[in-house]
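# Structural overview
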Amino acid sequence: MGDYAKTMVTRYLVLSVAGTAFLGAIVFALLAGFWELTSRSNDPVTSAAIMAGVLTAAGLLIAFVAYGITREKTPSVSEAFERPVQAFQAQVPATVNDIGRQIEYAVRTYGPVKVATAAAAGGLVAGLLAKKFRQI
């Protein structure tokens, strides 16, 4: 456990130093771009509006790329009609590992608190239904 903790601390320390340097470079580039726009147009309000537009466009581009990379491929309707068994198998987990991967995906997507809350609520409802129908 000690080697694992040491490795993780070292890894996060290196990543934090690199992240700080990267953040400093980004801030420097933004200020340099703003000063260049201001020196060419002599209007800081217009320069700020242009910088806000550029940052918004960059943020949207990053969000769209991230969405495209992380989106899971679902079978199309034509695939489902042509090969219904394969389309159904893609939607239903086959092993315990597949179920584990789906839980990990849900935790990454919605967060651990929401997933744990939904699981607890599902367990509570299942328990109440089992008690109502005299299964417990």
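A short tour of the structure in this document, coming up. Quick caveat, the model's predicted, so the values are computed rather than measured.

### Things to note about the pattern of salt bridges
Under the counting rule described, the total for this entry stands at one salt bridge. Across the pair Glu36 and Arg40 runs a salt bridge whose closest N-O atoms are separated by 2.6 Å. Note that Glu36 and Arg40 are positioned in helix α1 (residues 2–41) at a spacing of four residues, about one turn of the helix. Owing to a relative accessible area of 69%, Arg40 belongs among the exposed residues under this scheme.

### Overview of α1
The terminal C-alpha atoms of α1, which comprises 40 residues, lie 58 Å apart, in line with the 58 Å expected from a rise of 1.5 Å per residue. Just downstream of α1 lies Asn42, where phi reads positive at about 60 degrees.

### Here's the deal with unusual backbone geometry
Backbone geometry at Asn42 places phi at a positive 60 degrees, although glycine is not the residue there. Relative to the helices and strands, Asn42 resides in the loop between α1 and α2 (44–70). With a relative accessible area of 64%, Asn42 lands in the exposed category.

Definitions and limits used
Throughout this description, residue numbers start from 1 for each chain and increase along the sequence as written. It should be noted that, the model being predicted, local features are given only for residues of pLDDT at least 70 and side-chain atom pairs only at 80 or more, the latter also being counted only at that level, while totals for whole chains, interfaces and linings use all residues. The side-chain quantities take in all heavy atoms of the structure and omit both hydrogens and water. One side-chain nitrogen of Lys or Arg within 4 Å of one carboxyl oxygen of Asp or Glu is enough to make a salt bridge. Each helix is a run of H or I in the DSSP string that is no shorter than four residues. Each strand is a run of E no shorter than two, and both are numbered from the N terminus. Each residue is placed in one exposure class: buried if its accessible area under a 1.4 Å probe, protein chains only, is under 20% of its type's maximum, exposed if it is over 50%, and partly exposed if it falls in between. In this scheme, a helix's expected span is set at 1.5 Å multiplied by one less than its residue total.

So far we have only geometry, and geometry alone does not tell us how the molecule works.
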